[in-house]
Amino acid sequence: MEGVDHLAHERNKSEFDVDAMKIVWAGSPHAFDVSDRISKLVASDPGFRKDNRSTLSRKELFKNTLRKAAYAWKTIVDLRLSEEEAAKLRFYVDEPAFTDLHWGMFIPAIKGQGTEEQQQKWLPLAYKMQIIGCYAQTELGHGSNVQGLETTATFDPQTDEFIIHSPTLTSSKWWPGGLGKVATHAIAYARLIVGGREHGVNGFIVQLRSLEDHSPLLGITVGDIGMKFGNGAYNTMDNGVLRFDHVRIPRNQMLMRVSQVTCEGKYKQSDVPRQLVYGTMVYVRQTIVADASCALSRAVCIATRYSAVRRQFGSQNGGPETQVIDYKTQQSRLFPLLASAYAFRFIGEWLKWLYADVTQRLQANDFSTLPEAHACTAGLKSLTTTATADGIEECRKLCGGHGYLCSSGLPELFAVYVPACTYEGDNTVLLLQVARFLMKTVSQLGSSKKPVGTIAYMTRVEHLMQCRCGVQRGFAELSVDLVEAAVAHCQLIVVSKFIEKLQQEIPGKGVKQQLEVLCNIYALFLLHKHQGDFLSTGCITPKHAALANDELRSLYSQVRPNAIALVDAFNYTDHYLGSILGCYDGNVYPKLYEAAWKDPLNESVVPDGYHQYIRPLLKQEIRTARL
Ligand SMILES: CCCCC/C=C\C/C=C\C/C=C\C/C=C\C/C=C\CC/C=C/C(=O)SCCNC(=O)CCNC(=O)[C@H](O)C(C)(C)COP(=O)(O)OP(=O)(O)OC[C@H]1O[C@@H](n2cnc3c(N)ncnc32)[C@H](O)[C@@H]1OP(=O)(O)O
Ligand SMILES: Cc1cc2nc3c(=O)[nH]c(=O)nc-3n(C[C@H](O)[C@H](O)[C@H](O)COP(=O)(O)OP(=O)(O)OC[C@H]3O[C@@H](n4cnc5c(N)ncnc54)[C@H](O)[C@@H]3O)c2cc1C
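As recorded in an unreviewed UniProt entry, the protein chain goes by the name Acyl-coenzyme A oxidase, listed as coming from Rhododendron griersonianum. As recorded by UniProt, the Subcellular location (unreviewed entry) comment attached to the protein chain reads in full: "Peroxisome".

Have a look at this one:
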């Protein structure tokens with residue numbers, strides 16, 4: 001029945017202060033207040049409804065997204081929301097849109113790679129959304145290999161301009177979000193050519209469309225690249241294609257914090273690492289790690305609540321069947337994902353700190369931690385997005401057939417989330433960057449340069465020094481093993497930071513104890529999953545492995561009575577979850593049944609096409625009785 005909490009019996013089992021855990025999950029009392037307030041604002045406003053997305057055509061879907069983005073912006077302005085509140089609003093609106101790239105990449109690129117003068121000119125326009133930007137780096141022929149980009153930016157000293165050009169089909173910009181139909185400007189990445197000499201890839205601000213009638217400017221060919229994976233999902237985003245035909249821009253529209261071109265046509269490289277041109281990607285990769293904990297926790301919340309509601313087999317003398325959450329197999333699949341959601345939350349907090357720290361150091365021209373920041377953002381983006389994409393799919397399977405319904409919220413969550421394993425850097429390519437960083441560290445063992453920070457542990461691998469000549473053997477030849485080593489390195493960071501989190505003051509009855517259980521589940525599940533490596537390297541004995549498995553089972557039993565409370569702590573509204581299976585009150589079956597009849601196919605009892613196709617079939621003269 002409506003109004004009855006079908007999960008009350010589960011909530012009464014909780015052994016910790018859920019409200020205190022909500023604060024831990026949010027990060028602070030202030031962050032919880034903002035999240036709670038904005039999530040309820042969005043959930044209560046019909047202008048942000050999203051339950052009809054799977055029934056819209058691509059054009060209807062996209063127009064609806066534009067409406068919502070404009071409505072969100074009006075809400076932000078009318079309510080005078082802060083940037084923190086506005087970002088939360090975008091999060092709870094829960095729909096990929098051009099604003100993500102405007103706020104998430106175009107503005108950060110100008111802030112990170114533009115000079116003070118360029119920031120003063122362009123940021124006010126962008127903050128007021130008087131221009132709408134995108135980040136146009138990837139091309140049809142190159143995405144991972146940035147140094148392979150083909151778009152050219154040739155300096156013309158006669159006119160003090162750059163000529164931006166797409167020399168080949170494969171140089172067409174391809175994938176940038178917001179580019180296809182909305183962006184008026186792009187940060188376009190191109191090979192800088194001055195006086196016939198190439199100077200690598202740099203960013204250029206290029207206007208694409210008229211601010212009067214939105215028509216593409218002279219020399220600009222632009223459009224959408226077409227439907228993507230899934231129906232609704234990421235098709236709310238206009239990922240675009242863009243070609244330049246000798247488009248001229250003023251010299252001062254090259255982002256010049258890293259490199260400069262003078263009006264005399266002289267190229268200058270600042271005394272900063274050229275990789276700062278990649279700075280926006282590093283910024284986004286660290287936000288993606290926090291996003292992973294959000295996406296995974298959402299799927300886990302749905303699967304955990306439904307696993308407590310669903311009963312199957314085990315009825316004794318006509319009594320209730322067994323809750324599937326009580327099956328050890330269900331727990332062994334679900335609870336490591338619950339632990340991962342919390343682990344990724346905390347590693348996301350730490351990575352945000354690391355990024356802020358490296359950014360502050362860069363202001364003082366201290367580049368000492370840039371390599372570690374690159375390796376950590378790349379590796380943790382790769383690890384958390386792979387685990388989250390796999391975890392969302394596992395949560396769908398944990399919900400049986402009903403997990404395959406759009407009304408479960410899981411198919412769309414998966415479809416929207418999985419490109420995170422590719423965008424902002426293909427996950428394998430990023431792990432190879434981590435491997436390169438680790439090998440460089442090994443090559444420096446024994447020198448005066450001691451490994452610190454997240455690689456400090458490598459001083460304990462002195463034995464690698466003896467075979468140092470060996471590690472020079474083809475990086476490509478060993479890349480599969482090196483990628484596995486990179487994952488292990490990143491997992492060590494995740495576990496270490498979870499343990500460090502537990503050493504902090506954590507208020508609330510039973511809260512720290514619950515987090516300790518989750519931390520141990522995360523670590524022991526890894527040990528179990530990779531026990532072959534641990535055994536073959538002599539890190540553990542078979543007895544250790546057996547003890548670890550026994551402890552894991554015991555930990556699952558400790559989590560079981562707290563599982564619903566641990567997902568309640570995410571504080572997600574039913575609107576944000578968008579899932580009948582994951583609804584707060586657990587009243588699943590009546591809602592599933594009611595939702596079915598709302599499908600457009602049920603608007604008529606006899607389906608369109610019956611008279612044209614089915615009736616002739618049924619009424620055909622020659623029976624096919626033999627079949
Ligand atoms: C008020 C209203 C508010 C409303 C609110 C609205 C929105 C809210 C705000 C934000 C929304 C939040 C999120 C949304 C935003 C984004 C997420 C959503 C969508 C995602 C969109 C996707 C975008 C993209 O995909 S952009 C394109 C991404 N592309 C890539 O990642 C390419 C990957 N390839 C590379 O990075 C490079 O090619 C490479 C693999 C690193 C190789 O580079 P190369 O130059 O060839 O270098 P190497 O030779 O390998 O190495 C040389 C040397 O350099 C070092 N190195 C490499 N990279 C870096 C780096 N980044 N930093 C530092 N150092 C680096 C490398 O280690 C090596 O060093 P060594 O010589 O010492 O060994
Ligand atoms: C939804 C979505 C949104 C996007 N938004 C944007 C955007 O706003 N702006 C933008 O500029 N780009 C955007 N992109 C593009 C994205 O950044 C690229 O797709 C990504 O960087 C991967 O590059 P690629 O597509 O060229 O893949 P490739 O690099 O061609 O990868 C193909 C395969 O080759 C493998 N591979 C490649 N190089 C190596 C190597 N050296 N060693 C081993 N294996 C290798 C990869 O692991 C992968 O398996 C978006 C992409 C998607 C899917």
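Participant: Could you give an account of the packing of aromatic side chains, with specific residues and numbers?
Facilitator: Here the structure, examined in full by the defined rule, presents 22 aromatic pairs. Here tyrosine 593 and tryptophan 597 contribute two aromatic rings whose centre-to-centre distance is 5.9 Å and whose plane-to-plane angle is 70°, an arrangement assigned as edge-to-face. Placement of both tyrosine 593 and tryptophan 597 in helix 21 (residues 588-597) is noted, with a separation of four residues, approximately one turn of the helix. Its relative accessible area of 57% is what places tyrosine 593 among the exposed residues.

Participant: Mind laying out unusual backbone geometry, listing which residues take part and the relevant values?
Facilitator: In this structure, asparagine 365 takes a positive phi of about 55° despite not being glycine. In this structure, asparagine 365 sits in the loop between helix 9 (328-363) and helix 10 (370-398). Residue classification places asparagine 365 among the partly exposed positions, given a relative accessible area of 41%. Of note in the backbone geometry, asparagine 571 takes a positive phi value of approximately 60° without being a glycine. Topologically, asparagine 571 is positioned in the loop between helix 19 (563-568) and helix 20 (574-577). Residue class for asparagine 571 comes out buried when judged on its relative accessible area of 16%.

Participant: Can you explain the sheet that holds strand 7 (residues 220-224)? Please cite residues and give values.
Facilitator: Strand order in the open sheet formed by three strands is 4-8-7, and the pairing between neighbours is antiparallel. Looking at the sheet topology across the chains shown, the edges are occupied by strand 4 (173-174) and strand 7. Where strand 4 and strand 8 (residues 240-244) come together, two bridges link them in antiparallel fashion. If you follow lysine 173 over to strand 8, its bridge partner there is leucine 242.

Participant: Lay out empty space enclosed by the protein in plain terms, naming residues and giving numbers.
Facilitator: Unoccupied space between atoms shows up once a probe the size of one water molecule is rolled over them. Counting across every chain of the model gives one cavity of 30 Å³ or more. The volume enclosed by the largest cavity comes to roughly 40 Å³.

Participant: Outline the pairing of strand 6 (residues 197-207), listing residues and values.
Facilitator: Pairing between strand 5 (residues 185-194) and strand 6: nine bridges, direction antiparallel. Pairing of isoleucine 193 across the sheet is with glutamate 198, part of strand 6. Where strand 5 folds back on strand 6, the antiparallel hairpin that results is connected by two residues, among which glycine 195 adopts a positive phi of roughly 60°.

Criteria and thresholds
Residues numbered from 1 in each chain as written. Chains lettered and ligands numbered in written order. Predicted model: local features only at pLDDT ≥ 70, side-chain atom pairs only at ≥ 80, totals over all residues. Heavy atoms only, no water. UniProt positions renumbered as here; feature names shortened; annotations may be inferred. Phe/Tyr/Trp six-rings, centres within 6.5 Å; stacked < 30°, edge-to-face > 60°. Helix = DSSP H or I, 4+ residues; strand = E, 2+ residues; numbered from the N terminus. Buried < 20%, exposed > 50% of the residue type's maximum accessible area, 1.4 Å probe, protein only. Pairing = 2+ DSSP bridges. 1 Å grid on protein atoms, 1.4 Å probe; cavity = no way out; pocket = protein on both sides within 12 Å on 5 of 7 lines; lining within 4 Å. Points joined across faces, edges and corners; volume = space filled by probe spheres on them.

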